[in-house]
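Fold and contact review
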Amino acid sequence: YLWYAIRLQQLPLALFGIAISSALLPPLTRSVKNHDWKQFAHFLDFSLCKTVAFMLPLTIGIFLVGNETVKLIYEHGDFSLESVEGTTLCLWAYGIGLVPMALVLIAAPAFYAQENFRLPMRASVFSMAMNICLNTLLVMGLGLGAASVALATSISAAVNLAILLYGLQK
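Residues numbered from 1 in each chain as written. Predicted model: local features only at pLDDT ≥ 70, side-chain atom pairs only at ≥ 80, totals over all residues. Heavy atoms only, no water.

Regarding the packing of aromatic side chains
Across all of its chains, the model carries 8 aromatic pairs by this definition. Judged by centre distance (4.9 Å) and plane angle (85°), the rings of Y4 and F79 are edge-to-face. Of this pair, Y4 sits in helix α1 (residues 2-33) while F79 sits in the loop between α2 (37-74) and α3 (81-96), placing them 75 residues apart in sequence. Among the residues examined, Y4 registers a relative accessible area of 30% and is labelled partly exposed. Centroid distance F63 to W92: 6.4 Å. Interplanar angle 20°. Geometry classified as stacked. Here the residue F63 occupies a position in helix α2, and W92 occupies one in helix α3, the gap between them amounting to 29 residues. The class of W92 is partly exposed, set by a relative accessible area of 28%. Pairwise contacts between aromatic rings join W3, Y4, Y74 and F79 into one cluster. (Phe/Tyr/Trp six-rings, centres within 6.5 Å; stacked < 30°, edge-to-face > 60°. Helix = DSSP H or I, 4+ residues; strand = E, 2+ residues; numbered from the N terminus. Buried < 20%, exposed > 50% of the residue type's maximum accessible area, 1.4 Å probe, protein only.)

What follows is the structure, encoded as structure tokens:
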């Protein structure tokens with residue numbers, strides 16, 4: 001279920017999130033080298049706003065038509081109705097983290113442009129450790145199944161984003 005769901009969730013991240021983060025790094029780096037913090041903030045704010053404006057409707061779409069999308073793409077052959085339901089639950093759980101995951105892709109280059117690699121690395125390590133703990137708690141402790149793994153991933157992405165945004169404010 002997780003594998004099928006994450007393929008659908010990663011599509012907008014791959015098409016938009018990675019593309020904008022790759023395009024954002026050079027102008028941010030130029031702004032830092034020129035000590036033009038106003039331009040730096042402009043590029044970063046513009047990218048964050050456009051990412052939210054693009055990803056939020058996709059997140060809503062995941063919840064509104066996620067089940068039908070899973071049926072359309074996967075429901076054939078040995079992919080049963082039970083598999084559709086499980087994949088849809090996982091997709092919804094991953095969908096919660098779509099905006100935070102995309103924003104992490106935007107926030108991290110802001111640190112890289114400043115040659116600050118430690119905070120994004122520490123935020124990632126903390127988020128991975130949190131994800132492992134949440135997975136252990138939700139799957140093994142509470143027995144909530146595959147969708148809880150996706151939910152733990154989404155929660156960890158939100159925490160990663162919160163750490164990065166806090167670091168940017170400083």
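Things to note about the packing of α1 against helix α4 (residues 98-113)
At a minimum axis separation of 8 Å, α1 and α4 run at an interaxial angle of 20°. On the basis of the axis angle, α1 is roughly parallel to α4. Seen from above, α1 lies across α4 with right-handed handedness. Where α1 approaches α4, its residues Q9, P12, L13, G17, I18, I20, S21, L24, L25, L28, T29 and V32 are matched on the opposing element by L98, M101, A102, L105, I106, P109, A110, Y112 and A113. (Axes fitted to C-alpha atoms, helices over the stretch in contact; angles between N-to-C directions. Parallel < 35°, antiparallel > 145°, perpendicular 65-115°, else oblique. Left-handed = near helix turned anticlockwise from the far one by under 90°. Contact = heavy atoms within 4.5 Å.)

Quick look at the side chain of Q9
Here Q9 shows up in helix α1. A distance of 3.5 Å separates a polar side-chain atom of Q9 from the backbone oxygen of Y94. The contact partners of Q9, leaving out residues within four places of it in the chain, are L91, Y94, G95, G97, L98 and M101. (Polar contact = N/O pair within 3.5 Å; in protein donor to acceptor, adjacent residues only side chain to side chain.)

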